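Each chain is listed here by its residues.
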Amino acid sequence: MATDKELSDFLKNCERRAFKHALYAVRKDEAALDIVQDAMIKLAEKYGDKPAAELPMLFQRILQNTILDFFRREKVRNTWVTLFSAMRGNSQAGEDFDPLEHLEAQEGFQATESSADKIERMQLLNLIDAEVQKLPARQREAFLMRYWEDLDITETAIAMGCSEGSVKTHCSRATHALAVSLRAKGIRL
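Below is a summary of the structure that appears in this document. Small disclaimer: the values here were computed from a predicted structure and weren't measured.

**What to know about the overall build of the chain**
Secondary structure assignment for the chain yields 8 helices and 0 strands. Split into buried and exposed, the 189 residues of the chain put 26% on the buried side. Long-range contacts, defined here as pairs at least 24 residues apart, represent 56% of the contacts in the chain between residues at least 6 apart. Taken as a whole, the chain presents about 13300 Å² of accessible surface, with 53% of it coming from carbon and sulfur.

Structure representation (structure tokens):
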């Protein structure tokens, strides 16, 4: 278990590198500072009781996830700002603006998806989920960690308690088994 001093020293030593990492990713000083601060808080709150040797790997994963969360929020925010800005540009000066009255469904958005398409998509997702559940436990574990949790091979190997070669083998067998079983059901992704 890391002591408070070890945790504090670790955060102090990695602060500058983490800031540069976040700055290179997001290219905004304020956003990079927020990301690093959020990552440090998450590490201290949720993983402060872990051994000091595990802190660097945990912090890197938390920092990466916090950067990805930033980009997801930005994408959503930019989408809505763009939509509302486009609708505002079409309105007359002095007119009350109600975005719901002016919003037109565009091709490719889920709003334009028919009920049949939604049902088909949900059935496909349920079928894929069922096939993933049929995989042997180790293959399923490696597959989900690598492709769902987005862990790299080293992190997956550490989490599973096996070698990196084993992780690669489990992932390869899982993707092959999924491809074969889905293809047999007429599904090509």
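**Here we look at helix H1 (residues 4–26)**
By the largest-angle criterion, Glu-15 marks the main kink of H1, which is about 45°. Looking only at H1, the buried set comprises Leu-7, Phe-10, Leu-11, Cys-14, Ala-18, Ala-22 and Val-26. Looking one or two residues beyond H1, the residue adopting positive phi is Arg-27, at roughly 60°.

**Considerations on helix H8 (residues 164–184)**
A rise of 1.5 Å per residue sets the reference length of H8, with its 21 residues, at 30 Å; its end C-alpha atoms lie 30 Å apart and thus fit the reference within 8%. All buried positions along H8 are accounted for by Val-167, His-170, Cys-171, Ala-174, Leu-178, Ser-181 and Leu-182. End-on view of H8: buried residues confined to an arc of 110°, all on one side of the axis. Within H8, the exposed residues directed more than 90 degrees away from the buried face are Arg-173, His-176 and Ala-184. Here the buried face of H8 lies against helix H5 (115–134), helix H6 (137–148) and helix H7 (153–160).

**Some points on the packing of H1 against helix H2 (residues 29–47)**
Look at H1 against H2: their axes get within 8 Å of each other, and the N-to-C directions meet at 145°. For the crossing formed where H1 meets H2, the hand is right-handed. Taken together, the residues of H2 that come into contact with H1 (itself represented by Leu-7, Phe-10, Leu-11, Cys-14, Glu-15, Ala-18, Phe-19, Ala-22, Leu-23 and Val-26) are Asp-29, Ala-31, Ala-32, Leu-33, Ile-35, Val-36, Met-40, Leu-43 and Ala-44.

**Focus on unusual backbone geometry**
Of note, Arg-27 is a non-glycine position whose phi angle comes to about 60°, a positive value. Assignment of secondary structure puts Arg-27 in the loop between H1 and H2. Taking relative accessible area as the criterion, Arg-27 reaches 68% and is therefore assigned exposed.

**With respect to the pattern of salt bridges**
This structure, assessed with the given rule, holds 8 salt bridges. Arg-77 serves as the salt-bridge partner of Glu-74, at 2.5 Å between the closest nitrogen and oxygen. Separated by 3 residues within a single helix, Glu-74 and Arg-77 lie in helix H3 (residues 55–90), roughly one turn from each other. Across the salt bridge formed by Arg-138 and Glu-141, the nearest N and O atoms sit 3.4 Å from each other. Of the two residues, Arg-138 and Glu-141 both sit in helix H6, 3 residues apart, roughly one turn of that helix. For Arg-138, a relative accessible area of 34% gives the class partly exposed.

What counts, and at which threshold
- Residues numbered from 1 in each chain as written.
- Predicted model: local features only at pLDDT ≥ 70, side-chain atom pairs only at ≥ 80, totals over all residues.
- Heavy atoms only, no water.
- Helix = DSSP H or I, 4+ residues; strand = E, 2+ residues; numbered from the N terminus.
- Buried < 20%, exposed > 50% of the residue type's maximum accessible area, 1.4 Å probe, protein only.
- Contact = heavy atoms within 4.5 Å.
- Areas by Shrake-Rupley, 256 points an atom, 1.4 Å probe, with all protein chains shown as cover.
- Bend = angle between axes of the 7 residues up to and from the residue.
- Expected span 1.5 Å × (residues − 1).
- Arc of directions from axis to C-beta.
- Axes fitted to C-alpha atoms, helices over the stretch in contact; angles between N-to-C directions.
- Left-handed = near helix turned anticlockwise from the far one by under 90°.
- Salt bridge = Lys/Arg side-chain N within 4 Å of Asp/Glu carboxyl O.

In short, the description is geometric, and any link to function would need to be established separately.
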